[in-house]
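Architecture at a glance
Listed below are the residues making up each chain.
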Amino acid sequence: QVHLVESGGGSVQPGGSLTLSCAASVTIGNMNVIINTMDWYRQAPGKERELVATITSGGRRDYADPVKDRFTISRDNAKNTVYLKMNSLLPDDTAVYYCYCNAGTLQRPGIYNTWGQGTQVTVSS
């Protein structure tokens, strides 16, 4: 019912920047979908998927400590899109980045938990 499409990954040198985008589309006919939290996760080979940033529908943000001073999460509610601006990238930031959203309808709040397809971010010299 909710589909997420990510873009913006790539390869950069340490200290570089990337901005990821994740757009949500809906296949529920005439029903309005309410998107609640939108998050960014990442997963490196051999490691568990970890939350890196989250933003509520009201714009409240939270970050994992390793990225708190370098990444910025934002959202455009009119476009149902979440962004992750990543500055001062480090090799340890290398991972597949996934967006996530929780959404629902007035009738069924919060029933949709949806992952993006993932986009690779590689930071190396």
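Up top is the structure these notes are about.
Here is a short report on the structure shown in this document. All values reported here derive from a predicted model rather than from experimental measurement.

**Some thoughts on the packing of aromatic side chains**
- Enumeration over the complete set of coordinates arrives at four aromatic pairs.
- The interplanar angle of 90° and the centroid separation of 6.5 Å between the aromatic rings of Y98 and W115 together place this pair among those described as edge-to-face. Remark: W115 occurs in strand β10 (residues 112–115) and Y98 occurs in strand β9 (residues 95–104); sequence separation between them is 17 residues.
- Judged by relative accessible area, W115 falls into the partly exposed class, the value being 36%.
- With centroids separated by 5.0 Å and ring planes inclined at 55°, the aromatic side chains of Y100 and W115 adopt a geometry described as tilted. Placement of Y100 in strand β9 and of W115 in strand β10 is noted, with a sequence separation of 15 residues between them.
- Through successive ring pairs, a cluster of aromatic residues spans Y41, Y98, Y100 and W115.

**Side note on the state of the cysteines**
- Scanning the model with the defined rule gives one disulfide in all.
- Here C22 engages in a disulfide with C99; their sulfurs sit 1.9 Å apart. Between C22 and C99, the disulfide has an S-S torsion of 55° and is therefore right-handed. With a gap of 77 residues between them, C22 in strand β3 (residues 18–26) and C99 in strand β9 connect regions that are remote in the sequence.
- Judged by relative accessible area, C22 falls into the buried class, the value being 0%.
- What makes C99 buried here is its relative accessible area of 0%.
- With no disulfide of its own, C101 lies closest to C22 among cysteine sulfurs, the gap being 7.1 Å.
- By relative accessible area, C101 is classed as buried at 0%.

Conventions used here
Numbering of residues starts from 1 in each chain and follows the order in which that chain's sequence is written. Thresholds applied to this predicted model are a pLDDT of at least 70 for local features of residues and 80 or more for the giving and counting of side-chain atom pairs; totals over whole chains, interfaces and linings are not thresholded and use all residues. The basis for the side-chain values is all heavy atoms of the structure; hydrogens and waters are excluded. Pairs were defined over the aromatic rings of Phe, Tyr and Trp, the Trp ring being its six-membered one, requiring ring centres within 6.5 Å. Orientation was assigned from the angle between planes: stacked under 30 degrees, edge-to-face over 60, tilted for the rest. Put simply, DSSP H or I for four residues or longer makes a helix, DSSP E for two residues or longer makes a strand, and each gets a number counted from the N terminus. Burial status follows relative accessibility: with a 1.4 Å probe on protein chains alone, a residue under 20% of its type maximum counts as buried, one over 50% as exposed, and anything between as partly exposed. Any pair of cysteine sulfurs within 2.5 Å is marked as a disulfide.

Scope: geometric values only; no functional claims are made or implied.
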